[in-house]
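Structural overview
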Amino acid sequence: MTKNKNNADANEGQGRIRKENEKRILQAAEKVFSANGFRGATTADIAKEAGLPKANIHYYFGTKAKLYRTVIDDIVELWLSSFREITEDDDPASTLADYIRAKMELSKNRPEASRVFANELIRGAPRIKPYLSGELKDWVDTKSAILDTWIEQGKMAPVD
């Protein structure tokens, strides 16, 4: 039993270290991508900002492109999470106000995240185009249907 417990403790410790390192790398990558864009950022710069060896970047994320996509996914998930659980029965004014307030707060607290995403869109979204036309489009379509229902119910004025 002791051997299994020691292995479990070691695995738990490694899992904790992995999570901490991934978090450090993602925070550093967001900052470096924000300052330099995808093309200007290097894994060496990200590793230096994270205070980790460059090999860790490749070990945890493989390539700079995969790391960038993970950063973008994290940003989008963070933004969308505050608007995920709306229903046709909700009050549009308070629901939209809550979402806008949450988005503004996120932009204030994580300006680098906003800059990374804005820069990607300004450049024509070359690395996330499939996501924008797939998963994100489906999300927008679902939320738009709820807005349309609110309009039909007279809860809000028609919008384009």
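Overview of the structure.

Criteria and thresholds
Residues numbered from 1 in each chain as written. Predicted model: local features only at pLDDT ≥ 70, side-chain atom pairs only at ≥ 80, totals over all residues. Heavy atoms only, no water. Helix = DSSP H or I, 4+ residues; strand = E, 2+ residues; numbered from the N terminus. Rg over C-alpha atoms; globule rule 2.2 N^0.38 Å. Buried < 20%, exposed > 50% of the residue type's maximum accessible area, 1.4 Å probe, protein only. Contact = heavy atoms within 4.5 Å. Areas by Shrake-Rupley, 256 points an atom, 1.4 Å probe, with all protein chains shown as cover. Lys, Arg positive; Asp, Glu negative; His and termini not counted. Charge placed at Lys NZ, Arg CZ, Asp CG, Glu CD. Core = buried A, V, L, I, M, F, W, Y, C linked by side-chain atoms within 4.5 Å. Arc of directions from axis to C-beta. Expected span 1.5 Å × (residues − 1). Phe/Tyr/Trp six-rings, centres within 6.5 Å; stacked < 30°, edge-to-face > 60°. Lys NZ or Arg CZ within 6 Å of the ring centre and 35° of its normal. Patch = residues over 30% accessible without salt bridge, like charges linked within 9 Å, V, L, I, M, F, W, Y side chains within 5 Å. Salt bridge = Lys/Arg side-chain N within 4 Å of Asp/Glu carboxyl O.

**Digging into the overall build of the protein chain**
Helix and strand content of the protein chain: 8 helices and 0 strands. Counting helices and strands in the order they occur from the N terminus, the protein chain gives α-α-α-α-α-α-α-α. Relative to the 2.2 N^0.38 estimate, which gives 15 Å for 160 residues, the radius of gyration of the protein chain is 20 Å and therefore markedly larger than a compact globule would have. Seen through its C-alpha atoms, the protein chain measures out along the principal axes to roughly 65 × 50 × 30 Å. For the protein chain, the proportion of its 160 residues judged to be buried stands at 32%. Sequence-distant contacts, at least 24 apart, represent 67% of the contacts inside the protein chain between residues at least 6 apart. Surface accessibility of the protein chain: about 10,100 Å² in total, with carbon and sulfur atoms responsible for 53%. Charge centroids of the protein chain, computed over 26 positive and 25 negative side chains, lie 11 Å from each other.

**Let's talk about the nonpolar core**
Among the nonpolar cores identified, the biggest contains 37 residues, and Ile 25, Phe 33, Ile 46 and Leu 67 are the most heavily contacted of them. Breaking this core down by element, the ones donating at least two residues are helix 1 (2–40), helix 2 (43–50), helix 3 (54–61), helix 4 (64–81), helix 5 (92–109), helix 6 (111–122) and helix 8 (135–152). Ranked by residues supplied to this core, first place goes to helix 4 with 8 residues. With residues up to four places along the chain from it excluded, the contact list for Ile 25 reads Ile 46, Ala 50, Leu 52, Asn 56, Ile 57, Tyr 60, Phe 61 and Leu 67.

**Some words on helix 3**
Within the span of helix 3, buried status applies to Asn 56, Ile 57, Tyr 60 and Phe 61. Considered in projection along helix 3, the buried side chains sweep an arc of 105° and stay on one side of the axis. Counted as exposed and oriented over 90 degrees from the buried face of helix 3: Ala 55 and Tyr 59. Just downstream of helix 3, Gly 62 is the residue with a positive phi angle, here 85°.

**Considering helix 6**
Between its terminal C-alpha atoms helix 6 stretches 16 Å, which fits the 16 Å expected from 12 residues at 1.5 Å a residue. Listing the buried residues of helix 6 in full gives Ala 113, Ser 114, Val 116, Phe 117 and Glu 120. Angularly, the buried residues of helix 6 cover 160° about the axis, an arc narrow enough to put them on a single face. Backbone geometry just after helix 6 places Gly 124 at a positive phi near 85°.

**A short note on the packing of aromatic side chains**
Each aromatic ring pair is described using two quantities: the centre-to-centre distance and the angle formed by the ring planes. One pass over the full model with this rule turns up 5 aromatic pairs. With a centroid separation of 4.9 Å and an interplanar angle of 85°, the aromatic rings of Phe 33 and Tyr 68 are classed as edge-to-face. You can see Phe 33 sitting in helix 1 and its partner Tyr 68 sitting in helix 4, a full 35 residues away along the chain. Taken together, the ring pairs connect Phe 33, Phe 38 and Tyr 68 into an aromatic cluster. Looking at Lys 64, its charged tip hangs above the ring of Phe 38, at a distance of 4.5 Å from the centre. The ring of Trp 79 has Lys 103 lying over it, and the distance from NZ or CZ to the ring centre is 3.8 Å.

**Points about a negative patch on the surface**
Among the surface-exposed residues, Glu 88, Asp 89, Asp 148 and Glu 152 lie close enough to one another that they form a single negatively charged patch. Relative to the elements of secondary structure, Glu 88 occurs in the loop between helix 4 and helix 5. Since its relative accessible area comes to 39%, Glu 88 is described here as partly exposed.

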